[in-house]
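The chain contents come next:
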Amino acid sequence: MIIYFIVFILSFGMALFAEKFYISKNKTLFIFFSFMAILIPSIMAGMRGINVGTDTKYYISNVFSLVQNCNSLLEAIKLIYLNLNIEPLYTFINYSCFKIFGNNIHTLYFLLEFIMLFFIYMACIDNKNDKNKFSLMYLVFLLLFFNKSLNNCRQSIAIAISLYSLKFVINKKFFKYILFCLMAMCFHVSAAITIVIYPLFNYLNGKNKNFKKNLILLVSIICLCFYQEILLFLINDLGILDQKYLFYVVGGSGNILMLEFVFMLLIGLFLVFNRKRLKIKNENYLMLYFIGFIIYCIGFFSNYAWRLGYFFYYTIIFLLPNIECKLVLNSKKISINVIIIILLFMYSYKYYDINLFDETVPYYIEKNQL
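A short tour of the structure in this document, coming up. These numbers come from a predicted model, not from an experiment.

### Here's the deal with the packing of aromatic side chains
1) Next: Scanning the model with the defined rule gives 43 aromatic pairs in all.
2) Next: Look at phenylalanine 8 and phenylalanine 146: their rings are 5.5 Å apart centre to centre, the planes differ by 80°, and that puts the pair in the edge-to-face class. Linking phenylalanine 8 in helix α1 (residues 2–23) with phenylalanine 146 in helix α7 (residues 134–149), this pair joins segments that are 138 residues apart in sequence.
3) Next: On the accessibility criterion, phenylalanine 146 (0% relative accessible area) is buried.
4) Next: Among the aromatic residues, those joined into a ring-pair cluster are Phe141, Phe145, Tyr289, Phe290, Tyr296, Trp306, Tyr310, Tyr313 and Tyr314.
5) Next: The ring of tyrosine 109 has arginine 48 sitting right over it, with the charged end atom 4.5 Å from the ring centre.
6) Next: Above the plane of the ring of tyrosine 203 lies lysine 212, whose end atom (NZ or CZ) is 5.1 Å from the centre.

### So, the nonpolar core
1) Next: One finds Tyr4, Tyr138 and Ile316 to be the most contacted residues of the largest nonpolar core, which totals 130 residues.
2) Next: Once you skip the residues sitting within four places of it in the chain, tyrosine 4 turns out to touch Met44, Val52, Phe146, Asn147, Leu150, Thr360, Val361 and Tyr363.

### Details of the state of the cysteines
1) Next: Inspection of the entire model under this criterion finds zero disulfides.
2) Next: Looking at cysteine 181, it has no disulfide partner, and the nearest cysteine sulfur is the one in cysteine 186, 11 Å off.
3) Next: In this structure cysteine 181 comes out as buried when scored by relative accessible area, which is 2%.

### Brief notes about the side chain of serine 135
1) Next: Following the sequence through the fold, serine 135 ends up in helix α7.
2) Next: What serine 135 contacts, discounting residues up to four positions off in sequence, is Phe12, Ala15, Leu16 and Glu19.

### Considering a nonpolar patch on the surface
1) Next: There is a patch of nonpolar side chains on the surface, built from Tyr203, Phe211, Leu215, Leu218, Val219, Ile222, Phe226 and Ile230 and spanning about 730 Å² of accessible area.
2) Next: In terms of residues, the nonpolar patch owes the most to one element, helix α11 (residues 209–225), which gives five residues.
3) Next: Position of leucine 215 relative to the elements: it lies in helix α11.
4) Next: Residue classification places leucine 215 among the partly exposed positions, given a relative accessible area of 34%.

### Structural notes on the packing of helix α6 (residues 105–126) against α7
1) Next: As a packed pair, α6 and α7 sit with axes 9 Å apart at the nearest point and diverge in direction by 150°. Put simply, α6 runs roughly antiparallel to α7. In this structure, α6 crosses over α7, and the sense of that crossing is right-handed. Contact with α6, carried on its side by Glu113, Met116, Leu117, Ile120, Tyr121, Cys124 and Ile125, involves Phe134, Met137, Tyr138, Phe141, Leu142, Phe146 and Ser149 of α7 and no other residues of that element.

### Observations regarding unusual backbone geometry
1) Next: In the segment running from valine 361 into proline 362, the intervening peptide bond is cis, with an omega of 5°.
2) Next: Inspection of the secondary structure puts proline 362 in the segment after α18 (336–354).
3) Next: Positive phi outside glycine occurs at asparagine 85, with the angle close to 55°.
4) Next: Residue asparagine 85 is classed as partly exposed on the basis of its relative accessible area, which comes to 30%.
5) Next: Within the chain, glutamate 359 stands out as a residue other than glycine whose phi angle is a positive 55°.
6) Next: Structurally, glutamate 359 can be placed in the segment after α18.

### A look at the pattern of salt bridges
1) Next: All told, the structure shown has four salt bridges when counted by the stated rule.
2) Next: The partner of glutamate 260 in a salt bridge is lysine 148, with the nearest N and O atoms 3.9 Å apart. In this pair, glutamate 260 is assigned in helix α14 (residues 258–273) and lysine 148 in helix α7, connecting sequence segments 112 residues apart.
3) Next: Across the pair lysine 148 and aspartate 358 runs a salt bridge, and its minimum N-O distance is 3.1 Å. Of this pair, lysine 148 sits in helix α7 while aspartate 358 sits in the segment after α18, and the two are 210 residues apart along the sequence.
4) Next: The exposure class of aspartate 358 is buried, given its relative accessible area of 10%.

Conventions adopted
Every chain begins its residue count from 1, and numbering advances along the sequence as written. Per-residue local features are limited, in this predicted model, to residues with pLDDT of at least 70; the limit for side-chain atom pairs, both in listing and counting, is 80 or more; totals at the level of whole chains, interfaces and linings are taken over all residues. To get the side-chain values, all heavy atoms of the structure are used, and hydrogens and water are removed first. Put simply, two rings from Phe, Tyr or Trp (the six-membered ring, in Trp's case) pair if the centres are within 6.5 Å, and we call them stacked under 30 degrees between planes, edge-to-face over 60, tilted for the rest. Secondary structure elements are defined from DSSP: runs of H or I of at least 4 residues count as helices, runs of E of at least 2 residues count as strands, and each element is numbered from the N terminus. In this scheme, a residue with accessible area under 20% of its type's maximum is buried, one over 50% is exposed, and one in between is partly exposed, where area comes from a 1.4 Å probe on protein chains only. Distance and angle both matter: a charge sits over a ring if NZ of Lys or CZ of Arg is within 6 Å of the ring centre and within 35 degrees of the ring normal. The nonpolar core is taken to be a set of buried Ala, Val, Leu, Ile, Met, Phe, Trp, Tyr and Cys residues, with the residues joined through side-chain atoms within 4.5 Å. The contact criterion used is simple: two residues touch if any of their non-hydrogen atoms lie within 4.5 Å. For this text, the term disulfide refers to a pair of cysteine sulfurs within 2.5 Å. Surface patches are drawn from residues lacking salt bridges whose relative accessible area is over 30%; two like charges belong together within 9 Å, two nonpolar side chains (Val, Leu, Ile, Met, Phe, Trp, Tyr) within 5 Å. For the accessible areas, the method is Shrake-Rupley and the probe is 1.4 Å, while residue cover comes only from the protein chains on display. A pairing counts as a salt bridge when a side-chain nitrogen of Lys or Arg comes within 4 Å of a carboxyl oxygen of Asp or Glu. The axes used here are C-alpha line fits, helices contributing only the stretch in contact, and every angle between their N-to-C directions lies in the interval 0 to 180 degrees. Working rule for angles: under 35 degrees goes down as roughly parallel, over 145 as roughly antiparallel, 65 to 115 as roughly perpendicular, anything else as oblique. Should the near helix be turned anticlockwise from the far one by less than a right angle, the crossing is termed left-handed; should it be turned clockwise, right-handed.

Read these as geometric descriptors, not functional statements.
Take a look at the structure:
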C-alpha cells in the first residue's frame, strides 16, 4: 500500500494547492492543479498490471478484446450486451478507445479512471463548505474507494456520476438529474436505485423533517426484511428486472465483508453523535448514508446485492471531512479531521493490504506496456 499512499498524498497536495487558488480566484492555477490531482492517480491506474483489481482481467480486458472484432459501434454494443450484459456507454468508451488509440489497454485503464475521478472531484467541489474542504473530501475518497474502483470499475463510474448529480437534486433541476441518472445507468444499470433520491429529498422539505426521516428509515428496514420477496415480484410478476437478477435472490447465503460492515456501523454511530457539528451542504446526506448501511445489510442473506448500498454509502466523503471540532491532546488542541485521516489510512491498509479485498495489492506495472 505504500505506493498507493504516496500517490494519494501527492494527489491530495495538488488538490490542496487547487483549493488555495480557488479561494484566491486564480482560475488558471486552480484548473492546472485540479487537473494534476486527477491525473496522478489516473496514471497509476493506467499503468497497472492486468491482475491489479479483481475485475480488471474478467471485465475490462474481456470487453476490450471483444470490441476489437467489431466493425461498428452498434455491432459492439449488441455483442457485448448479449455476451456479458454490459451497458452501452461503457462499451462505447471501449470501442472509441480502441479506434483512437489502438490495441493499448492501458490507455483504457487510464481513461476509465480519469472519467470516474473527474466526476468525484467535481462532486467534492460542489459540496465544499464555507471553509473549502473539497481537497479533504477528495483524500477521503482516495483512501476509501480508489482501490475499489480498480476492481468495480463500471459501478465506480456510475457512483461518481450519481454523486455529481446530487447538486441537481439540491437545486431542484429534475430533468438534469434524470439525465445524469440515465448516464450513470449506461455504465451500470444498478444506478437506477438513485432515482428515488429526488422525490426523497422533496418529501423531506417542509415540516416534520425528523418524523419523515424516521419514517423513511423504517420503510427502508421493512424493504430490507422483505427484500427477496420484492425482488421476485419485480422479476417474475412485473417483469421490470431481467431474470439474471434472480442470482441476487437465490445466489447464496450472502458474502458481506464484516470488516466493512463494522466500519460502516462505527462511522454511522460517530456521525450520529456528532451530527450537530456537521457542516454539510445538505442535511439529508446523513440519511442517505444510513439508507446505504441498511441496503448493505442485504449482504447477510444475498450475494452481491449489498453493493447497491454503495450508491448511498459513498456520501461518507462529504460527511467525515465536515465534522468541525477540536480535541485536546497533551494540552494542545488538534482538529478531529487529523485523527479521522490517520484512522482512514489505517483502515485502508487493513482493508486492501492485509485483507487483500479487491485484489489491488501488490501493485505492479506490466513490462510490455509502452
